[in-house]
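The lines below spell out each chain.
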Amino acid sequence: LTAAVDIDASPETVWRCIDEPALIVRWVEGALEHRYLEPRDPAHPVGQRFVQRLQQGKKVNEFTGTLIAFDRPSHFAFTIPSPPTTNTNGSVMRP
């Protein structure tokens, strides 16, 4: 599945919204928390693991993911294993 969205903001602004945990919970639908499991290493983000807690209906579910691509400010991707499938999400940003 591929989708495109036009965002009226600079790539740097959009990048902050996908990189900073406090901003991630503002745009991810149902997000209650986004935190990294290890201390963040901005110089080497690929491989860093995170937890997201999401309100889904009346339930709160917790998902653990891993950053698998991170090329500031144009491309990022992460994977969130959730049985029985694995979801991989990513984005390419162009000005």
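Residues numbered from 1 in each chain as written. Predicted model: local features only at pLDDT ≥ 70, side-chain atom pairs only at ≥ 80, totals over all residues. Heavy atoms only, no water.

So, the pairing of strand E2 (residues 49-56)
Consecutive side chains along a regular strand alternate between the two faces of the sheet. Two strands pair when backbone bridges link them, and strand E1 (residues 31-36) and E2 are joined in this way by 5 bridges, in the antiparallel orientation. Looking across to E2, one finds that Tyr36 is bridged to Phe50. Of the strand pairs in this sheet, E2 and strand E3 (residues 59-71) are connected by 8 bridges, and their pairing is antiparallel. Residue Gln52 lies in a different strand from E3, and its bridge partner there is Phe63. Two successive antiparallel strands, E2 and E3, enclose a turn made up of 2 residues, where Gly57 displays a positive phi of approximately 70°. (Pairing = 2+ DSSP bridges. Helix = DSSP H or I, 4+ residues; strand = E, 2+ residues; numbered from the N terminus.)

Quick notes on the packing of aromatic side chains
One pass over the full model with this rule turns up 5 aromatic pairs. Relative to Phe76, the ring of Trp15 has its centre 6.0 Å away and its plane inclined at 90°; by these criteria the two rings are edge-to-face. Pair noted here: Trp15 is in helix H1 (residues 11-19) and Phe76 is in strand E4 (residues 75-82), with a separation of 61 residues, a long-range link. This pair shows no difference in class: Trp15 is buried, exactly as Phe76 is. With centroids separated by 6.2 Å and ring planes inclined at 15°, the aromatic side chains of Phe76 and Phe78 adopt a geometry described as stacked. With respect to burial, Phe76 and Phe78 carry one shared label: buried. (Phe/Tyr/Trp six-rings, centres within 6.5 Å; stacked < 30°, edge-to-face > 60°. Buried < 20%, exposed > 50% of the residue type's maximum accessible area, 1.4 Å probe, protein only.)

Nothing here speaks to function; it is all geometry.
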